[in-house]
Amino acid sequence: MEHDVRPWGEYWVLEDKDSHKVKRIEVKPGGRLSYQYHHHRSEVWTIISGTATVTIEGETQKHGPGVVVKIDVLAKHRVANEGQEPLVIIEVQLGTYFGEDDIIRLDDDYARVDKN
């Protein structure tokens, strides 16, 4: 199983197929992913535990366990954990390409902004 540690937390790849990729994402308290978009995939997030502060195209909402969030291809998005407990999300990626190099970062707390 693929696993990676990032500044905001970590993720595990649960399934990787030609048609989709499934990840378990854990965002540590105070962690926030980059404000980003993708050219080749949409995403569906299911909040498992914690409270997700989700921003899509500049609009921010908080979501708890059981909520499903859909992110279209090219939609600018991010998730943050403003709580005191880890935030756990199951992410299903749908599209034609699922490589990490399809992350176009627009804003990032960890100085990983793309220069494009």
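Computed from a predicted model, the values in this text were never measured in an experiment. Every chain is numbered on its own, with residues counted from 1 as its sequence reads. For this predicted model, a pLDDT threshold of at least 70 governs which residues receive local features, and a threshold of 80 or more governs which side-chain atom pairs are given and counted, while totals over whole chains, interfaces and linings are taken from all residues. Based on all heavy atoms of the structure, the side-chain values leave hydrogens and waters out of the count.

**Considerations on the overall build of the protein**
- A tally of helices and strands in the protein yields zero helices and 11 strands.
- A run of DSSP states H or I qualifies as a helix once it reaches four residues; a run of E qualifies as a strand once it reaches two. Both are numbered from the N-terminal end. Along the protein, helices (α) and strands (β) appear in the sequence β-β-β-β-β-β-β-β-β-β-β when read from the amino end.
- Radius of gyration (C-alpha) of the protein: 13 Å, near the 13 Å computed for a compact globule of 116 residues.
- With the C-alpha coordinates of the protein rotated into their principal frame, the extents come out at 35 × 30 × 25 Å.
- Burial classes: relative accessible area under 20% of the type maximum marks a residue as buried, over 50% as exposed, and values in between as partly exposed (1.4 Å probe, protein chains only). Looking at the protein residue by residue over its 116 residues, the buried ones come to 42%.
- In the protein, the share of contacts with a sequence separation of at least 24, taken over all contacts with a separation of at least 6, comes to 65%.
- Methods summary: accessible areas were calculated by the Shrake-Rupley approach with a probe of 1.4 Å, and residue burial reflects only the protein chains presented. With the model as given, the accessible surface of the protein reaches about 6,200 Å², and the carbon-plus-sulfur share is 51%. Put simply, the radius of gyration uses C-alpha atoms, and a globule should come to 2.2 Å times the residue count raised to 0.38. The contact criterion used throughout is that any non-hydrogen atoms of two residues lie within 4.5 Å.

**Examining a negative patch on the surface**
- On the surface, E2, E15, D16 and D18 cluster together to form a negatively charged patch.
- Relative to the helices and strands, E2 is located in the segment before β1 (3-6). In this analysis, a patch consists of residues with relative accessible area above 30% that form no salt bridge, clustered at 9 Å for like charges and at 5 Å for the nonpolar side chains Val, Leu, Ile, Met, Phe, Trp and Tyr. We count a salt bridge whenever a side-chain nitrogen from Lys or Arg sits within 4 Å of a carboxyl oxygen from Asp or Glu. The charge count treats Lys and Arg as positive and Asp and Glu as negative. His and the chain ends do not count. Throughout, a charge is located at the NZ atom of Lys, the CZ atom of Arg, the CG atom of Asp or the CD atom of Glu.

**With respect to the side chain of Q93**
- Examined against the element boundaries, Q93 turns out to sit in strand β10 (residues 87-95).
- Using a relative accessible area of 0% as the deciding quantity, one classes Q93 as buried.
- With near-sequence residues (within four places) excluded, Q93 lies in contact with S19, H20, K21, K23, R41, S42, E43 and F98.

**Regarding the pairing of strand β6 (residues 52-56)**
- The buried fraction of β6 amounts to four of the five residues, a majority that puts the element mostly inside the structure.
- Pairing analysis gives five bridges linking β6 to strand β7 (residues 59-63), with the strands arranged antiparallel. By the bridge assignment for β7, T55 is matched with T60.
- In this analysis, strands are considered paired if DSSP registers two or more bridges between them. Joining the antiparallel neighbours β6 and β7 is a turn of two residues, in which E57 adopts a positive phi near 50 degrees.

**Quick look at the sheet that holds strand β8 (residues 68-71)**
- The strand order across the open sheet formed by six strands is β1-β2-β3-β10-β5-β8, and the pairing between neighbours is antiparallel. Each end of this open sheet is capped by a strand with a single partner; those strands are β1 and β8. Here the strands of the sheet are splayed against their neighbours by 20 degrees on average, with no regard to which way each runs.
- Relative to strand β2 (residues 9-16), β1 runs antiparallel, the two being bridged by four bridges. Between N-to-C directions, angles span 0 to 180 degrees; the directions come from axes that are lines fitted to C-alpha atoms, helices contributing only their stretch in contact.

**Topic: the packing of aromatic side chains**
- Two rings belonging to Phe, Tyr or Trp (six-membered ring only in the last case) form a pair when the distance between their centres is within 6.5 Å. Interplanar angles under 30 degrees mark stacking, angles over 60 mark edge-to-face geometry, and anything in between is tilted. Following the criterion strictly, the structure yields zero aromatic pairs and no others.
- Just above the ring of Y11 sits the side chain of K23; from NZ or CZ to the centre is 3.9 Å. In this scheme, the term charge over a ring applies when either NZ of a lysine or CZ of an arginine sits within 6 Å of the ring centre and within 35 degrees of the ring normal.

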